[in-house]
Amino acid sequence: MRGQTKWTVWLGAWLCAASVLTAGFCEAQEAGRSPSDARALLLGMGEFLGKTQQLSVTVRAAYDTVQASGQKVEWNEVRTLTLSRPDRLRVESERSNGTRSVVVFDGKEISTFDQSGRVYAQAAQPGGVDETLVYFVRDLGMRLPLAVLFMSRAASELERRVRAVEYVERTGILGAPAHHLIGRTDTVNFQVWISDGEQPLPQRIVLTYPAAPGQPQFRAEFSAWNLAPQPADALFTFTPPAAASKIPFAAALPQYAPGPAGAPAKKGATR
Amino acid sequence: MRSRSWFAACATVLAFTLLGTVTNDARAQRGGARGGRPGGQGGGFSSEGPAASGAFSSRSGSAAAQGAQTRASGGRASAQESRASAQGTAGQNQAARQEARAGAQAGRQQAYEDEHWDEGKGLAIAATGAVVGRAAGAMTSATATSAATPPPPPAAAPCSNPTLVPVGGVTYSQCGSTWYTQAYGASGPVYVQSAPPPGS
């Protein structure tokens, strides 16, 4: 009788311990995954985007600028991006002040047109979308937020930059199940919400610039993802409107340094 | 007598109150003028900054510092190189070493820029004093775009009545003795201070 009681106590203790351990393990699975999982999710998103041959998406973005007074101003914009690899890209933008512009790459030239000013700039750019994105942003000095995500090598671009990634939680607060990750590069802290499912697409991204005064943020929400848009060729053809004027890219102008008292600098100075 | 004292006290309080109101109004007006005066960017508010790039790299962090350091190092190397060449043959070897070091630093800087191509170099160009007119016009800090938002006015001229001189497909604007060219900047058309047109 005494032996049976002892055995029952031991069994009960083991069951309690097992249930506590199991509950803890399940909670850990739910609340926080290992760092390797977080990195795999991030790079999986990059690989999926990079392998997608055609896509269109609407990006509603906002970013902060810190004024001289220290006060932040939030600027808003909406971009619709249509991509057809290897060498077609169109980005239509509308800023919060009503300015509309379009960027078109047709495999030979990249053109950008400002509708309110009725001016456009154009540069020869043979090659694919990847080279063109780098040329447009780095060499022509133009804005194209989150350009990295639309390269075919998005995964390797992210892998090279990202120093740490952590899993925050699984959430459905944005409308569809998503993995919420945080991470950092050398100079940027980021958060990303990636759809949980067959198509690991970004739902939302927040970038924070910690070294900049006021630590401004860039925030973007993605919607209307279409991975089979079948765009017409005309979408990637830029025909300047009749009344539009062609102007150079500012980055392509020779650098000009005015002399003292407004005296012109020597001609032909190049950067 | 007592009523006179009360009257004087009330009048004094009223006078101070009115004076305070006028002073506050003046401050408010000055503040309003500051807020509304174009400051080279739309609406007097700057719309340029590190976050505008939406990039996974930023020049505000180590990149800008590294660039400045590299440029400074390059300058120091050049100065040292000049001193070394004046010291004869032994100095020439030192100058060659300095030159090689400066070249290596420039190479590293180039490699850094290749790797962090999205960090918003164009915004740095836009931030230079050479850019005077934002084509976007008065940009507001509205929280959302709307189909009803009226389009902004076209690019503001660099001065009220510039002399326009078209040369070789480029229109130069002259304001006094200063010349400008319209160009496409990071976020739209801008006026950039330029050299005079050829032949002027």
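Just so you know, these numbers come straight off a predicted model, no measurement behind them.

The rules behind each value
- Residues numbered from 1 in each chain as written.
- Chains lettered and ligands numbered in written order.
- Predicted model: local features only at pLDDT ≥ 70, side-chain atom pairs only at ≥ 80, totals over all residues.
- Helix = DSSP H or I, 4+ residues; strand = E, 2+ residues; numbered from the N terminus.
- Buried ≥ 20, exposed ≤ 12 C-beta atoms within 10 Å, placed from the backbone.
- Contact = placed C-beta atoms within 7 Å.
- Pairing = 2+ DSSP bridges.
- Core = buried A, V, L, I, M, F, W, Y, C linked by C-beta atoms within 7 Å.
- Domains from an automatic or database assignment.
- Arc of directions from axis to C-beta.
- pLDDT = per-residue confidence, 0-100.

**Structural notes on the overall build of chain A**
Thinking step 1. Helix and strand counts for chain A come out as four helices and 12 strands.
Thinking step 2. Considering chain A as a whole, with its 271 residues, one finds that 36% of them fall into the buried category.
Thinking step 3. Of the contacts formed within chain A by residues at least 6 apart in sequence, a portion of 47% connects residues at least 24 apart.

**Details of the pairing of strand 5 (residues 109-114) of chain A**
Residue and element names in this part refer to chain A.
Thinking step 1. By the bridge criterion, five bridges tie strand 4 (residues 100-105) to strand 5 in an arrangement that is antiparallel. Its bridge partner being in strand 5, Val 104 is matched across the sheet by Ser 111.
Thinking step 2. Where strand 4 hands over to strand 5, the hairpin turn is made up of three residues, of which Gly 107 adopts a positive phi near 95°.
Thinking step 3. The pairing of strand 5 with strand 6 (residues 119-124) spans six bridges and is antiparallel. Within the sheet, the bridge partner assigned to Ile 110 lies in strand 6 and is Ala 123.
Thinking step 4. In this antiparallel pair of consecutive strands, strand 5 and strand 6, the connection spans four residues, and Arg 118 shows a positive phi of 50°.

**Considerations on the nonpolar core**
Nonpolar side chains in soluble globular proteins tend to end up buried together.
Thinking step 1. Core analysis: the biggest nonpolar cluster contains 75 residues, and Leu 42, Leu 133, Val 148, Phe 150 and Ala 250 of chain A together with Ala 183 of chain B have the highest contact counts within it.
Thinking step 2. Built from parts of two domains, this core gets at least three residues from each of domain 1 (50-121) and domain 2 (155-200) of chain B.
Thinking step 3. The contacts of Leu 133 of chain A, once residues within four sequence positions are left out, are Leu 144, Ala 147, Phe 150 and Met 151 of chain A.

**Some details on the sheet that holds strand 4 of chain A**
Residues and elements named next belong to chain A.
Thinking step 1. Pairing is mixed in the open sheet, where 12 strands are placed in the order 7-8-9-10-11-1-2-3-4-5-6-12. Whereas interior strands pair on both sides, the edge strands pair on one side only; in this sheet they are strand 7 (164-171) and strand 12 (245-246).
Thinking step 2. Inspection of the sheet shows strand 7 paired to strand 8 (residues 178-184) by seven bridges, in the antiparallel sense. Looking at the pairing, Tyr 167 lines up with Leu 181 of strand 8.

**Points about the environment of Arg 39 of chain A**
Thinking step 1. Here Arg 39 of chain A lies in helix 2 (residues 35-51).
Thinking step 2. Spatially, the C-alpha atoms of Arg 39 of chain A and Val 165 of chain A are 5.7 Å apart, while their sequence positions differ by 126 residues.

**Brief notes about helix 4 (residues 154-161) of chain A**
Thinking step 1. Among the residues of helix 4 of chain A, those classed as buried are Ala 154, Glu 157, Leu 158 and Arg 161 of chain A. End-on, the buried residues of helix 4 of chain A take up no more than an arc of 95°, which puts them together on one face.

**Description of the confidence of the model for chain A**
Residues and elements named next belong to chain A.
Thinking step 1. In this model, chain A carries an average pLDDT of 88, and 82% of its residues clear a pLDDT of 70 or more.
Thinking step 2. Low pLDDT (under 50) marks residues 24-32, which in the prediction has two contacts with non-local residues, meaning those over four places away or in another chain.
Thinking step 3. For the stretch residues 261-271, pLDDT sits under 50, and the model shows 20 contacts to residues farther than four places along the chain or on other chains.

**A few points about unusual backbone geometry**
Backbone phi values are negative for most residues with the exception of glycine, while trans is the configuration of most peptide bonds.
Thinking step 1. The omega torsion of the bond from Arg 85 of chain A to Pro 86 of chain A falls at 15°, within 30 degrees of zero and hence cis.
Thinking step 2. Examined against the element boundaries, Pro 86 of chain A turns out to sit in the loop between strand 2 (72-84) and strand 3 (88-95).

**Quick word on the pairing of strand 3 (residues 170-175) of chain B**
Residue and element names in this part refer to chain B.
Thinking step 1. As defined by bridge partners, strand 2 (residues 163-167) adjoins strand 3 across five bridges and the pair is classed as antiparallel. The residue of strand 3 that forms the bridge with Val 167 is Val 170.
Thinking step 2. As consecutive antiparallel partners, strand 2 and strand 3 are separated by two residues, and within that stretch Gly 168 has a phi angle of approximately 55°, a positive value.
Thinking step 3. Where strand 3 and strand 4 (residues 178-185) come together, four bridges link them in antiparallel fashion. Opposite Ser 173, over in strand 4, you have Tyr 180 as the bridge partner.
Thinking step 4. In sequence, strand 3 turns back onto strand 4 through a hairpin of two residues, with Gly 176 there showing a positive phi of about 65°.

**Here's the deal with the environment of Val 104 of chain A**
Residues and elements named next belong to chain A.
Thinking step 1. Its place among the elements puts Val 104 in strand 4.
Thinking step 2. Residues Val 104 and Pro 254 lie 150 residues apart in sequence; the distance between their C-alpha atoms is 25 Å.
Thinking step 3. With near-sequence residues (within four places) excluded, Val 104 lies in contact with Arg 90, Ser 111, Phe 236 and Phe 238.

**Examining the environment of Ile 247 of chain A**
Residue and element names in this part refer to chain A.
Thinking step 1. Position of Ile 247 relative to the elements: it lies in the segment after strand 12.
Thinking step 2. For Ile 247, a count of 25 C-beta atoms within 10 Å corresponds to the buried category.
Thinking step 3. Between the alpha carbons of Ile 247 and Phe 113 there is a distance of 10.0 Å; along the sequence they are 134 residues apart.

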